[in-house]
Amino acid sequence: MDDDAEIIAEFLVESHENLDQLDRDLVELEQQPDSRERLSSIFRTIHTIKGTSGFLAFNRLEQLTHVGETLLSRLRDGEAVMTPAIAEALLSMVDTVRALLDVIERTSSDTDPAVDVAPVVAVIERLLTGAGEVTEEPVVSPAASSVAPPAEPEPAPEPVVETVPAPEPDLEPVRVEARVESSVRVDVDLLDDLVDLVGELVLTRNQLLQRSLSSPDVELVRASQRLDLVASELQESVMKTRMQPIGQVWSKMPRVVRDLSHQLGREVELVMEGHETELDRSLLEAVKDPLTHLVRNSLDHGIEPPGVRAAAGKPTKGTLSLRAYHESGQVVVEIADDGKGIDPDRIAAVALERGVVTREQLSRMDGREVLGLIFRPGFSTAAAVSNISGRGVGMDVVRTNIERIGGSVDVASEPGRGTTTRVRIPLTLAIIPALVVGEGVERYAIPQANLVELVRIEGEDLQRQVEDLAGAPVLRLRGKLLPLVSLSGVLTGDQPAAGEPLTVVVLQSDDVRFGLCVSTVHDTQEIVVKPVGRQLKALAMYAGATIMGDGRVALILDVAGIAATAGVGATQAESTDPRTTVTDDRTALLVLEVADGRRAALPLAAVARLEEFERERIERSGVAEVVQYRDGILPLVRLATAIGLPDTSDRSEQVSVVVHETGDAGGAVGIVIDRVLDVVEVAVSASQVGRRTGVTGSAVVQDRVTDLVDLEAVVARSGVSA
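Now for a description of the structure that goes with this document.

Rules behind the numbers
Residues numbered from 1 in each chain as written. Predicted model: local features only at pLDDT ≥ 70, side-chain atom pairs only at ≥ 80, totals over all residues. Heavy atoms only, no water. Helix = DSSP H or I, 4+ residues; strand = E, 2+ residues; numbered from the N terminus. Buried < 20%, exposed > 50% of the residue type's maximum accessible area, 1.4 Å probe, protein only. Contact = heavy atoms within 4.5 Å. Areas by Shrake-Rupley, 256 points an atom, 1.4 Å probe, with all protein chains shown as cover. Pairing = 2+ DSSP bridges. Axes fitted to C-alpha atoms, helices over the stretch in contact; angles between N-to-C directions. Phe/Tyr/Trp six-rings, centres within 6.5 Å; stacked < 30°, edge-to-face > 60°. Lys NZ or Arg CZ within 6 Å of the ring centre and 35° of its normal. Patch = residues over 30% accessible without salt bridge, like charges linked within 9 Å, V, L, I, M, F, W, Y side chains within 5 Å. Salt bridge = Lys/Arg side-chain N within 4 Å of Asp/Glu carboxyl O. Lys, Arg positive; Asp, Glu negative; His and termini not counted. Charge placed at Lys NZ, Arg CZ, Asp CG, Glu CD. Polar contact = N/O pair within 3.5 Å; in protein donor to acceptor, adjacent residues only side chain to side chain. Core = buried A, V, L, I, M, F, W, Y, C linked by side-chain atoms within 4.5 Å. Expected span 1.5 Å × (residues − 1).

### Examining the overall build of the protein
Logical step 1: A count of helices and strands for the protein gives 21 helices and 30 strands.
Logical step 2: For the protein, the proportion of its 722 residues judged to be buried stands at 44%.
Logical step 3: Of the contacts made within the protein by residues no fewer than 6 positions apart, 67% connect residues no fewer than 24 positions apart.
Logical step 4: Accessible area for the protein stands at about 37,400 Å²; split by element, carbon and sulfur atoms hold 50% of it.

### Some words on the sheet that holds strand β8 (residues 431-439)
Logical step 1: One open sheet holds the 5 strands; their spatial order is β16-β8-β9-β18-β17, and the pairing between them is mixed. With partners counted over all chains shown, the strands left at the sheet margins are β16 (520-528) and β17 (542-547), one partner each. Recorded for the sheet is a direction-independent mean angle of 35 degrees between the axes of neighbouring strands.
Logical step 2: Here 2 bridges tie strand β9 (residues 442-447) to strand β18 (residues 553-557), and the two strands are oriented parallel to one another. When the bridges of β18 are listed, Tyr-444 appears paired with Leu-555.
Logical step 3: Helix-sheet contacts for helix α7 (residues 188-213) involve β8, β16 and β17, and the interaxial angle to β16 is about 145 degrees.

### Observations regarding the packing of aromatic side chains
Logical step 1: Scanning the model with the defined rule gives 2 aromatic pairs in all.
Logical step 2: Aromatic pair Phe-613 and Tyr-629: ring centres 5.7 Å apart, planes at 85 degrees, arrangement edge-to-face. Here Tyr-629 lies in strand β24 (residues 624-629) and Phe-613 lies in strand β22 (residues 609-614), a separation of 16 residues in the sequence. Here the two residues Phe-613 and Tyr-629 agree in accessibility, since each one is buried.
Logical step 3: If you follow Arg-76 out to its NZ or CZ, it ends over the ring of Phe-43, 4.1 Å from the centre.
Logical step 4: The positively charged end of Arg-399 is found above the aromatic ring belonging to Phe-375, 4.3 Å away from the centroid.

### Digging into a negative patch on the surface
Logical step 1: Judged by side-chain charge, Asp-187, Asp-189, Asp-193 and Asp-196 come together as a negatively charged surface patch.
Logical step 2: Relative to the elements of secondary structure, Asp-189 occurs in helix α7.
Logical step 3: Among the residues examined, Asp-189 registers a relative accessible area of 51% and is labelled exposed.

### A closer look at the sheet that holds strand β27 (residues 668-673)
Logical step 1: Ordered in space as β22-β26-β27-β25-β24-β23, the 6 strands form an open sheet in which the pairing is mixed. Both edges of this open sheet fall to β22 and β23 (619-621), since each of them pairs with a single strand only. Taken pair by pair, the neighbouring strands of this sheet meet at an average axis angle of 45 degrees, ignoring direction.
Logical step 2: One ladder, built from 6 bridges, connects strand β26 (residues 654-661) with β27; its direction is antiparallel. What sits directly across from Val-659, in β27, is Gly-670.

### Let's talk about the side chain of Glu-304
Logical step 1: Structurally, the position occupied by Glu-304 is in the loop between α11 (281-302) and α12 (306-311).
Logical step 2: At 2.9 Å, the side chain of Glu-304 forms a polar contact with the side chain of Arg-309.
Logical step 3: Of the polar contacts made by the side chain of Glu-304, one reaches the side chain of Lys-314; its length is 3.0 Å.
Logical step 4: Residue contacts for Glu-304: discarding those within four places in its chain leaves Arg-266, Arg-309, Lys-314, Asp-338, Gly-339 and Lys-340.

### Looking at unusual backbone geometry
Logical step 1: Its identity as a non-glycine residue notwithstanding, Ala-57 has a phi of 65 degrees, on the positive side.
Logical step 2: Within the fold, Ala-57 resides in the loop between α2 (36-55) and α3 (59-76).
Logical step 3: A positive phi angle, close to 60 degrees, is found at Asp-596, a residue other than glycine.
Logical step 4: With respect to the helices, strands and loops of the structure, Asp-596 is situated in the loop between β20 (587-594) and β21 (598-603).
Logical step 5: A residue is classified by how much of its surface remains accessible, and Asp-596, at 51% relative accessible area, is exposed.

### Regarding the pattern of salt bridges
Logical step 1: Within this structure, the stated rule accounts for 33 salt bridges.
Logical step 2: The residue Glu-88 makes a salt bridge to Arg-258 at a minimum N-O spacing of 3.1 Å. With Glu-88 in helix α4 (residues 84-107) and Arg-258 in helix α10 (residues 253-264), the pair connects residues that are 170 residues apart, well separated along the chain. Take Glu-88 and Arg-258: they sit in the same class, and that class is buried.
Logical step 3: A salt bridge links Asp-338 to Arg-309; the nearest nitrogen and oxygen atoms lie 3.0 Å apart. On the criterion of sequence distance, the pair formed by Asp-338 in the loop between β5 (330-337) and α13 (344-353) and Arg-309 in helix α12 is long-range, its members being 29 residues apart.
Logical step 4: Residue Arg-309 is classed as buried on the basis of its relative accessible area, which comes to 0%.
Logical step 5: Within this structure, Asp-23, Glu-30, Glu-88, Asp-95, Arg-98, Arg-255, Arg-258 and Asp-259 form a network of salt bridges that share partners.

### Details of the pairing of β21
Logical step 1: With 6 bridges connecting them, β20 and β21 associate as antiparallel partners. Within the sheet, the bridge partner assigned to Val-591 lies in β21 and is Ala-601.
Logical step 2: Count of turn residues in the β20/β21 antiparallel hairpin: 3 residues, of which Ala-595 carries a positive phi of about 55 degrees.
Logical step 3: Here 2 bridges tie β21 to strand β30 (residues 704-709), and the two strands are oriented parallel to one another. When the sheet's bridge partners are listed, Ala-600 is paired in β30 with Asp-707.

### Points about the pairing of β5
Logical step 1: Summarising burial for β5: 7 of the 8 residues are buried, a large majority.
Logical step 2: The pairing of β5 with strand β7 (residues 418-426) spans 8 bridges and is antiparallel. Bridged to Val-332 within β7 is Arg-424.

### A word on the nonpolar core
Logical step 1: Ranked by internal contacts, the top residues of the largest apolar core, which has 45 residues, are Trp-250, Leu-291, Val-333 and Leu-373.
Logical step 2: Apart from the residues lying within four places of it in its own chain, the contact partners of Trp-250 are Met-272, Glu-273, Gly-274, His-275, Leu-291, Leu-322, Arg-323, Ala-324 and Val-333.
Logical step 3: Leu-19, Ala-99, Val-117 and Ile-124 belong to the second-largest nonpolar core, a separate cluster that totals 44 residues.

### Quick word on α3
Logical step 1: With 18 residues, α3 should cover 26 Å at 1.5 Å per step; its first-to-last C-alpha distance of 25 Å lies within 8% of that length.
Logical step 2: Turning to α3, its buried residues are Arg-60, Leu-61, Leu-64, Thr-65, Val-67, Gly-68, Glu-69, Leu-71, Leu-72, Ser-73 and Leu-75.

### Examining the environment of Leu-454
Logical step 1: Along the chain, the position of Leu-454 falls in strand β10 (residues 451-457).
Logical step 2: Under the relative-accessibility criterion, Leu-454 is labelled partly exposed at 45%.
Logical step 3: Spatially, the C-alpha atoms of Leu-454 and Val-504 are 5.9 Å apart, while their sequence positions differ by 50 residues.
Logical step 4: Setting aside anything within four residues of it in sequence, one finds Leu-454 in contact with Leu-435, Val-504, Val-505 and Val-521.

Set out below in structure tokens:
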């Protein structure tokens, strides 16, 4: 009995994997009916399931797959051609097979009458005999009904079996690649236990490392460093065992798109990129439903019917793109369509009509915030409730589910051109990098996924950059007013004393950005996430807990929860400074000081690194100044001299250098300046005033006239080609 159970379990796992591939193959076969390779692949899959089900005495499953195999053999041998009716029947067969497999998994038998195979078998048998036209509605199995609603009855198709001349026999033998099985299946619970054990090992490693730092025992230090290396590699390897490609979620998308586009009368081409992008298995399960909803939403609200697209000068077939990639320690998933886009005015009008926002709140919103209203509970632009949309319980649930796993979702749209929804999710939730901060005697961890930058404000900058706006403190940071939240105020109600230096951790959660004022910044480290006790679950500002290297517990801060607790919302966060004009056409600049107070700016994209060298390290090679840098020689050019100003960069012992990498392999040049003033993102309105060698002109940046550096001309003075 144990052997039989093991065989059945193996059969179920393999069959479910094959059915996911079968869905994709059938959809592609419908679009390319002449693909013999695709037909052969489908036939082999069904043949395998039929053979094993007969061996295991799953009679109904064997009966169903037998008639499906017969129909596929007719297609493969050229005795019939693919038609919409045949495609629908084969897809219904796959759904019924999947439902039977679910029954077998629950009961170890396929005799449950809740899944009726007779209607599907009857339809396929009529198609095999060619005895007339198929006029009834397509058979939809229980598995299929959870994916897409039943379609309206379609006009009767042409007779489904057409005889065509038999193709020339394929003389090339089928090559079967024999390879040694190089993988094993491991129970998911075992993997979860391994991750938990590695987490405990990481905690122990952190404690040993902290103790060894103050120990005079050299051997202990060496052993702890070795343990650090081994534990890190073990952690990485074990985490990889839980990583799975997002293609497992996408495998069902071709079928979802195919069924829904038929129901809605759309013509849609599905493009998927980055299906090999991996993330944690638990997160993969969590994003499956939100991503499916976003795809359905693009089809229902985005891509127009063929006639509407043709009238707008678009191709009648719309394009839906799914793209996944890694970025900054996260997985980014983009769902883009080339449909009608989202009209912000329409969104605003519906939001007012349904009481989602007030007219006063709407007046303070920019375009991005207006689009964000679609994620509010109860919001929907559908004219009528249908089985696809209109109840206003979709997009807010999408955002809630994504945020629950530490992710974020935002939308960008251009009316008439299309919409892109971007979902960001962490790679894993078990062990994450975090910034450790202090408040009083306690320490707190902030997930690095929410961290934007650190800012220290003191002295005159406090008076100049920190203001009170409508009773709330704000920080003027690069043309934006950033709301400030005191961590001590959120936790204890105590506000920092006026005039004291501020350490601001700039945080981002979805479309909310704010500055968190903390007493101390300790360091960054990888932490093991532990759930908080039930006593703290009701407190929105905590996302979990971790154990630090000294054995003390530190709470993990929930950035979205802190924003909500402090009353910072999307309409308040990071509003535009009224004294600074910023448009969407902005450029990131590095603002510098040269020539004893004169200001200049470089494109931030051209800056590789900022360095400081001891003045004594500067040497000469011929007439050029150089410095030994990263196992090479870095040529230097004085920016002030290059743009016709007196050089004052040698007034301190440390020389500030902007490193710019040139077009040559490994080539770089160091641009010597007085000091870096700021990084800004502004709309540059350039003037020809001040144009000269090394300067393209000037612009007003932060209320000061600033030279715009011609980097190409400056680099040319160093003799290094750009």
